[in-house]
Amino acid sequence: MSGTDANKAVLEAIERFDFPGTFIDYARHGNGHINDTYMVRFEQEDGSVKKYILQRINTSVFKNPDAVMENIGLVSNFIREKVKANGGDPEREALTIVFAKDGKPFFDAGESFFRAYLYIDGAVSYEAVEKPEDFYEAGFAFGRFQYLLSEFKADDLSEVIPGFHDTGARFERFKQVVKEDKVGRCKDAAKEIQFVLDRAADMTVCMDKLKDGKLPLRVTHNDTKLNNVMMDEKSGKAVCVVDLDTVMPGLSINDFGDAIRFGANTAAEDEVDLNKVSLDLNLFEIYTKGFLAGCNNSLTDEELKMLPMGAKMMTLECGMRFLTDFLEGDVYFKIHRDNHNLDRARCQFALVADMEKKMSDMDEIVRNISK
Ligand code: ADP
Ligand code: GN1
Ligand code: MG
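Reading the values: the criteria
- Residues numbered from 1 in each chain as written.
- Chains lettered and ligands numbered in written order.
- Predicted model: local features only at pLDDT ≥ 70, side-chain atom pairs only at ≥ 80, totals over all residues.
- Heavy atoms only, no water.
- Core = buried A, V, L, I, M, F, W, Y, C linked by side-chain atoms within 4.5 Å.
- Buried < 20%, exposed > 50% of the residue type's maximum accessible area, 1.4 Å probe, protein only.
- Helix = DSSP H or I, 4+ residues; strand = E, 2+ residues; numbered from the N terminus.
- Domains from an automatic or database assignment.
- Contact = heavy atoms within 4.5 Å.
- Buried area = accessible area lost by both parts, 1.4 Å probe.
- Salt bridge = Lys/Arg side-chain N within 4 Å of Asp/Glu carboxyl O.
- Polar contact = N/O pair within 3.5 Å; in protein donor to acceptor, adjacent residues only side chain to side chain.
- Axes fitted to C-alpha atoms, helices over the stretch in contact; angles between N-to-C directions.
- Parallel < 35°, antiparallel > 145°, perpendicular 65-115°, else oblique.
- Left-handed = near helix turned anticlockwise from the far one by under 90°.
- Nonpolar A, V, L, I, M, F, W, Y, C, P; charged D, E, K, R; others polar.
- Pairing = 2+ DSSP bridges.
- Donors = N, O, S within 2.8 Å, 3.2 Å for Na, K, Ca; no water.
- Expected span 1.5 Å × (residues − 1).
- Near = heavy atom within 4 Å.
- Disulfide = S-S within 2.5 Å.

Q: Help me out: how do you make sense of the nonpolar core in this one?
A: As a rule of thumb, soluble globular proteins bury nonpolar side chains together. With 102 residues, the main nonpolar core has V75, I260, Y287, L323 and L327 as its most contacted residues. Among the elements that take part in this core, helix 10 (residues 301-328) stands out by supplying 13 residues, more than any other. Built from parts of two domains, this core gets at least three residues from each of domain 1 (3-121) and domain 2 (132-369). Membership of the second largest hydrophobic core comes to 17 residues, among which are V10, F19, Y38 and V98.

Here it is as structure tokens:
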């Protein structure tokens with residue numbers, strides 16, 4: 001879609017939602033790799049300005065966006081009731097869907113599929129840990145999110161991306177993509193491809209534990225990046241977990257692990273200077289404390305034992321996903337420069353290599369916190 005067409009589509013979507021007040025403007029918002037996010041402003045009768053989030057859902061990633069919205073409606077309503085029961089502010093501590101004028105929780109424009117939320121005011125999300133306390137807060141928020149959803153009926157949720165964190169299935173697909181080499185890029189990534197192939201034995205470890213009944217299936221967030229939690233600008237406390245697109249049955253160790261992958265890396269996710277990439281054990285410890293406190297100590301012994309493996313596997317899986325996308329011609333994740341997905345993959349693999357060296361340190365930290 002050209003820039004002009006995209007703008008037209010956004011303006012039409014703004015018309016279709018039931019936003020009270022007079023439209024002021026809209027602007028791109030956030031740094032997600034999947035959806036297009038906008039902040040929309042409306043002037044109210046009393047002259048105040050109210051903000052909303054408008055998002056174009058990426059329908060090549062989410063093939064059934066109606067089901068995504070149904071999941072989000074169920075989960076956010078469930079969380080809202082918990083917030084109310086605890087005397088919290090439901091408009092800030094839960095995501096609130098803004099309905100379209102036709103009463104649907106989305107606007108389906110054919111080529112584009114939009115949804116809208118109340119904007120969580122007075123809160124920010126971070127792309128990197130600025131203060132260690134922020135990371136504790138993020139850990140607490142994601143742990144708490146999972147704990148709150150422990151009473152939610154998992155069967156009510158659609159599996160919107162089947163096998164989202166089935167690392168073994170992703171590995172099979174990776175090998176197929178390498179074999180086909182459709183856009184001729186395998187020659188540019190020989191070392192990285194080998195890095196993945198060398199870890200074939202790791203790929204099914206977590207899912208095997210699920211199949212064997214050693215790890216429980218829970219309702220999880222599945223995309224626990226630091227920038228998916230809103231933090232209060234003043235108090236620094238976590239306010240609300242956002243980006244609920246991938247809330248599905250999953251493994252607690254994956255929610256833990258993906259947050260470590262992103263937030264406990266001493267470098268950005270796409271850092272090209274690999275000397276800067278490492279696992280910050282201090283941040284690992286801080287996040288672990290926050291996450292376990294948020295989970296209200298509800299994790300089983302096997303889950304606790306497997307947390308470090310969750311961190312390694314989410315990093316390896318994510319690197320493999322970036323590499324797969326590079327080898328397929330950048331069709332899944334948004335990129336902002338040439339070789340962006342390859343850079344992201346290299347950075348994840350450097351982090352995996354460092355985690356492998358620090359596995360026993362991570363084990364010890366988890367043991368000390370959970371004893
Ligand atoms: P993506 O799936 O593309 O990552 P997100 O749903 O995470 O999209 O939104 C992108 C960013 O927009 C988030 O990182 C967050 O900063 C911001 N955001 C999302 N929802 C809200 C909201 N309801 N209120 C305020 N900011 C939000
Ligand atoms: C995507 O949407 P965003 O940017 O929060 C991706 C995650 C990856 C992440 C890597 C639906 O998350 O799975 O871990 O990029 N989301 C989806 O940064 O694929
Ligand atoms: Mg996001």
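More follows now that the structure is in view.
Q: Any chance you could explain the domain arrangement of the protein here in plain terms?
A: How large an interface is tends to be reported as the accessible area lost when its parts come together. When cut into domains, the protein gives domain 1 (3-121) and domain 2 (132-369). The gap between the C-alpha centroids of domain 1 and domain 2 is 26 Å. If you look at the interface, domain 1 gives 27 residues, while domain 2 gives 30 residues. Contact between domain 1 and domain 2 buries roughly 2500 Å² in total, counting both sides, with carbon and sulfur atoms accounting for 63%. Its largest share of buried area at the contact with domain 2, domain 1 owes to H33, N71 and V75, together 27% of the area lost on that side. Inspection of the domain 1/domain 2 interface yields 4 salt bridges. Between E151 and K82 there is a salt bridge, with its nearest N and O atoms 2.9 Å apart. Counting across the interface, domain 1 meets domain 2 through 9 residue pairs in polar contact (both at pLDDT 80 or more). With 10 residues, helix 2 (residues 65-85) is the single largest residue contributor to the side of domain 1 that touches domain 2.

Q: Would you explain the packing of helix 10 against helix 11 (residues 340-357) in this entry?
A: Two measures define how a pair of helices packs: the angle their axes make with one another and the distance between the axes. Contact geometry for helix 10 and helix 11: axes closest at 8 Å, N-to-C directions at 155°. Relative to helix 11, the element helix 10 is oriented roughly antiparallel. Two packed elements cross with a definite hand, and for helix 10 against helix 11 that hand is left-handed. Each of A311, K312, T315, L316, C318, G319, M320, F322, L323, D325 and F326 in helix 10 lies in contact with helix 11, whose residues at this interface are N341, L342, R344, A345, Q348, F349, L351, V352, M355 and E356. Partitioning the contact of helix 10 with helix 11 into residue classes produces 13 nonpolar, 4 polar and 4 charged.

Q: How should the environment of G263 be read in this particular structure?
A: With respect to the element layout, G263 can be found in helix 8 (residues 252-263). Separated by 69 residues in sequence, G263 and Y332 place their C-alpha atoms 22 Å apart. Residue contacts for G263: discarding those within four places in its chain leaves V129, F135 and L283.

Q: So what exactly am I meant to see when it comes to the sheet that holds strand 7 (residues 123-124) here?
A: The strands making up a sheet associate through backbone hydrogen bonding, with each pair oriented either parallel or antiparallel. Pairing in this open sheet of 3 strands is antiparallel, and the strands run 7-9-10 from one edge to the other. With one partner strand each, in any of the chains shown, strand 7 and strand 10 (238-241) form the two edges of the open sheet. Pairing geometry for strand 7 and strand 9 (residues 229-232), over 2 bridges, is antiparallel. Bridged to A123 within strand 9 is D232. With respect to the sheet, helix 4 (residues 132-148) is in contact with strand 9 and strand 10, its orientation differing from that of strand 9 by roughly 125°.

Q: Mind showing me how you'd approach the coordination of the magnesium ion (ligand 3) here?
A: Ideal values differ by geometry: the angle at a metal is 109.5 degrees with four tetrahedral donors, but 90 or 180 degrees with six octahedral donors. Taken together, N228 (OD1) and D243 (OD) make up the full set of protein donors to the magnesium ion (ligand 3), lying 2.2 Å away. In this pair, N228 is assigned in the loop between strand 8 (218-220) and strand 9 and D243 in the loop between strand 10 and strand 11 (248-250), connecting sequence segments 15 residues apart. Accessibility expressed as a relative area gives 24% for D243, which makes it partly exposed.

Q: Please clarify how helix 11 should be interpreted in this entry.
A: Because each turn of an α-helix spans 3.6 residues, side chains separated by three or four positions in sequence point in the same direction. Taking 1.5 Å as the rise per residue, helix 11 with 18 residues should run 26 Å; its terminal C-alpha atoms sit 26 Å apart, in good agreement. Counting buried residues in helix 11 gives 14 out of 18 residues, a clear majority hidden from the surface.

Q: Whenever I open this one, the site of ligand 2 confuses me. Can you help?
A: Inspection of the region around ligand 2 gives 18 residues, with H33, K225, E269, R321 and Y332 positioned closest. Contacts to ligand 2 include K225, whose side-chain N or O atom sits 2.8 Å from an oxygen atom. Take D243: an N or O atom from its side chain is 3.0 Å from an oxygen atom of ligand 2. Of all the elements, helix 10 adds the most residues to the shell around ligand 2, at 3 residues. Class assignment for the residues of the shell around ligand 2 results in 7 nonpolar, 4 polar and 7 charged. When we break the shell around ligand 2 down by domain, the ones giving at least three residues each are domain 1 (3-121) and domain 2 (132-369).

Q: I keep staring at the pairing of strand 2 (residues 36-43) and nothing clicks. Help me out?
A: Remember that side chains alternate between the two faces of the sheet whenever the strand is regular. Within strand 2, 6 of the 8 residues are buried, which leaves the element mostly enclosed by the surrounding structure. Relative to strand 2, strand 1 (residues 22-28) runs antiparallel, the two sharing 6 bridges. The residue bridging F23 from the neighbouring strand is F42, located in strand 2.

Q: Is there a simple way to think about the state of the cysteines in this case?
A: The final tally for this structure, using the stated rule, is 0 disulfides. The thiol of C295 is unpaired, and the distance to the nearest cysteine sulfur, on C206, comes to 16 Å. With no disulfide of its own, C347 lies 9.7 Å from the sulfur of C318, the closest cysteine sulfur. Classification of C347 by relative accessible area gives buried; the value is 0%.

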